[in-house]
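# Residue-level structure breakdown
The lines below spell out each chain.
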Amino acid sequence: MDSLVPLLAGGTVMILAACLAAMGIKRFYDRPVTWRGTALITGLSFGGLTFFIFVYDSVSMRILIYSVGQALPLALTLKLLLSSQDGRKNPGARLAATVAILIIGIYAARVLGNVLHIGGQFSFVQYNPIQSALILVLMFLSMAWNFGFLLMAMDRLRNEVADLALLDDLTGVGNRRHLLARLTEECARSERSGAPFALLVIDLDGFKAINDTHGHAAGDACLQHFTLMAQTRLRPGDMLARTGGDEFCIVLPSSTLREGAMIARRVLEVCRADAAQCTGKDIPISVSIGVAQWAREIGGYPDRLIAAADQALYEAKNDGRNRYAACDPAPPLAPALQAPDMALRKRA
């Protein structure tokens, strides 16, 4: 029996390693992780192996317990590995899931072969050609499984880098690149369906004076504070982006000019309410907003829509700031016109 003590220790460690790998997969997918399942599977496997080594010697039961202890943690991770995250499928996870299924199948075949006495004795103690081939296959699959994890981590890192490239590092909202990509998508969708969408261009009033008087740190704090205030007035699906300096844009999918003006009023109201509560060294924030709606004349060119909203923004500033102006698309005077004529509607 003493010769089986290393087998007991090695088998328990291997089962513990499989449980730890399953915990790592759960952590990778941001699922809650506890030691309860690991302790239960490892403890029961250790107890079963100990019983069938020192109390009642049974190779078949030892193989069954070890195979179940190895296969169960793998089986519990299959749902996560085969799922999609944010609509994207991870090729590394698919590879890991496929390998896990093969490993589970091999352990099941090993148990079945031992029960039916196919191919001789299946045991890690007494080797035969089939057992040797089995060991080699399991070693290869284990390496492939780890390679799948490596691909999972690389894919996650690549997606995170891609996401960071679309975010403004100061405010955490989308940047100009993200805005243009979203506007291109919305323009293409509107061209197909004919449904409009709206764009708000927002500029913080007197931002240069804030930087000159209070310093750039205070200016950065104002930008962050405005971002938080504006986000409280947006609907699910609306997108806020900082396009540079003190300028922001809000994309309003499936929205008319009237609905865009309503969101502009909400943003103005929250800024005015916050400014009214400023005391002491607090810096009040006021904004001017230009509102424009996609029209057939704009087509698939986001820059035309931005130009229309900019035109409304400048009108709001010229009219006294701390207000919004809406830009109505008018029919083009001639087919050769490159951008739509706009009729401005001012609002306080």
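Rules behind the numbers
- Residues numbered from 1 in each chain as written.
- Predicted model: local features only at pLDDT ≥ 70, side-chain atom pairs only at ≥ 80, totals over all residues.
- Heavy atoms only, no water.
- Helix = DSSP H or I, 4+ residues; strand = E, 2+ residues; numbered from the N terminus.
- Buried < 20%, exposed > 50% of the residue type's maximum accessible area, 1.4 Å probe, protein only.
- Contact = heavy atoms within 4.5 Å.
- Areas by Shrake-Rupley, 256 points an atom, 1.4 Å probe, with all protein chains shown as cover.
- pLDDT = per-residue confidence, 0-100.
- Polar contact = N/O pair within 3.5 Å; in protein donor to acceptor, adjacent residues only side chain to side chain.
- Salt bridge = Lys/Arg side-chain N within 4 Å of Asp/Glu carboxyl O.
- Pairing = 2+ DSSP bridges.
- Expected span 1.5 Å × (residues − 1).
- Patch = residues over 30% accessible without salt bridge, like charges linked within 9 Å, V, L, I, M, F, W, Y side chains within 5 Å.
- Axes fitted to C-alpha atoms, helices over the stretch in contact; angles between N-to-C directions.
- Parallel < 35°, antiparallel > 145°, perpendicular 65-115°, else oblique.
- Left-handed = near helix turned anticlockwise from the far one by under 90°.
- Nonpolar A, V, L, I, M, F, W, Y, C, P; charged D, E, K, R; others polar.
- Arc of directions from axis to C-beta.

## Focus: the overall build of the chain
The helix and strand inventory of the chain stands at 10 helices and six strands. Buried residues in the chain amount to 43% of all 348 residues. Considering only intrachain contacts with a sequence separation of at least 6, the fraction spanning at least 24 residues in the chain is 68%. Carbon and sulfur atoms make up 62% of the accessible area of the chain, which totals about 18300 Å².

## Overview of the confidence of the model for the chain
When pLDDT is low, close inspection of the predicted coordinates is not appropriate. When the pLDDT values of the chain are averaged, the result is 88; 90% of them are 70 or greater. The weakest mean pLDDT in the chain belongs to strand 6 (residues 342-347) at 52; the strongest belongs to strand 3 (residues 247-252) at 97. A low-confidence stretch, residues 331-342 stays under pLDDT 50, and its non-local contacts, those more than four residues away or across chains, total 16 contacts.

## Side note on the side chain of D205
For D205, the location among the structural elements is in the loop between strand 1 (198-204) and helix 7 (207-214). Within the structure, D205 has its side chain in polar contact with the backbone nitrogen of V287 (distance 3.5 Å). Leave out the neighbours within four places in its chain, and D205 touches S286, V287, S288, K317, R321 and N322.

## Overview of the pattern of salt bridges
A complete count under the given rule lists 10 salt bridges for this structure. A salt bridge links R62 to D57; the nearest nitrogen and oxygen atoms lie 2.6 Å apart. Note on D57: relative accessible area 46%, which makes it partly exposed. In this structure, R323 engages D319 in a salt bridge whose closest nitrogen and oxygen atoms are separated by 4.0 Å. According to the relative accessible area criterion, R323 is partly exposed, its value standing at 21%.

## So, the pairing of strand 2 (residues 239-244)
Burial analysis of strand 2 places five of its six residues in the buried class, which makes it a mostly covered element. Summarising the sheet, strand 2 and strand 3 pair through five bridges and their orientation is antiparallel. Bridging from a neighbouring strand, M239 pairs with V251 of strand 3. Between the antiparallel neighbours strand 2 and strand 3 lie two residues, among them G245 with a positive phi of about 60 degrees.

## Digging into helix 4 (residues 91-116)
Look at helix 4: 37 Å from first C-alpha to last across 26 residues, which is about the 38 Å you get at 1.5 Å a residue. Within two residues after helix 4, H117 carries a phi angle of roughly 60 degrees, on the positive side.

## So, a nonpolar patch on the surface
A contiguous nonpolar patch, built from V5, F51, F54, V55 and Y56 and spanning about 490 Å² of accessible area, is present on the exposed surface. The element best represented in the nonpolar patch is helix 2 (residues 36-55), accounting for three residues. Structurally, the position occupied by V5 is in helix 1 (residues 5-28).

## Considering the packing of helix 1 against helix 5 (residues 129-164)
The interhelical angle for the contact between helix 1 and helix 5, taken along N-to-C directions, is 15 degrees, at an axis separation of 12 Å. By the angle between their axes, helix 1 is roughly parallel relative to helix 5. Of the two possible hands of crossing, helix 1 and helix 5 adopt the one that is left-handed. Touching A21, I25 and F28 of helix 1 are W145, F149, M152, A153 and R156, all from helix 5. Among the residues making up the contact of helix 1 with helix 5, the classes are represented as seven nonpolar, no polar and one charged.

## Overview of the environment of Q311
By the element assignment, Q311 lies in helix 10 (residues 302-318). We classify Q311 as partly exposed; its relative accessible area is 36%. With 21 residues separating them in the primary sequence, Q311 and G290 have C-alpha atoms 7.2 Å apart.

## Concerning the packing of helix 7 against helix 8 (residues 216-231)
For the pair helix 7 and helix 8, interaxial distance at closest approach is 6 Å and the crossing angle is 140 degrees. When the interaxial angle is binned, helix 7 and helix 8 end up oblique. Between helix 7 and helix 8, the residues in contact are F207, I210, N211 and H214 and H216, A218, G219, C222 and L223, respectively. For the contact of helix 7 with helix 8, the per-class residue count stands at five nonpolar, four polar and no charged.

## What about helix 7?
If you check which residues of helix 7 are buried, you get F207, I210 and N211. The arc that holds every buried residue of helix 7, seen down its axis, measures 95 degrees, which confines them to one face. Along helix 7, exposed side chains directed more than 90 degrees from the buried face belong to K208, D212 and T213. On its buried side, helix 7 packs onto strand 1 and helix 8. Where helix 7 ends, the next residue or the one after it, G215, has phi of about 100 degrees, a positive value.

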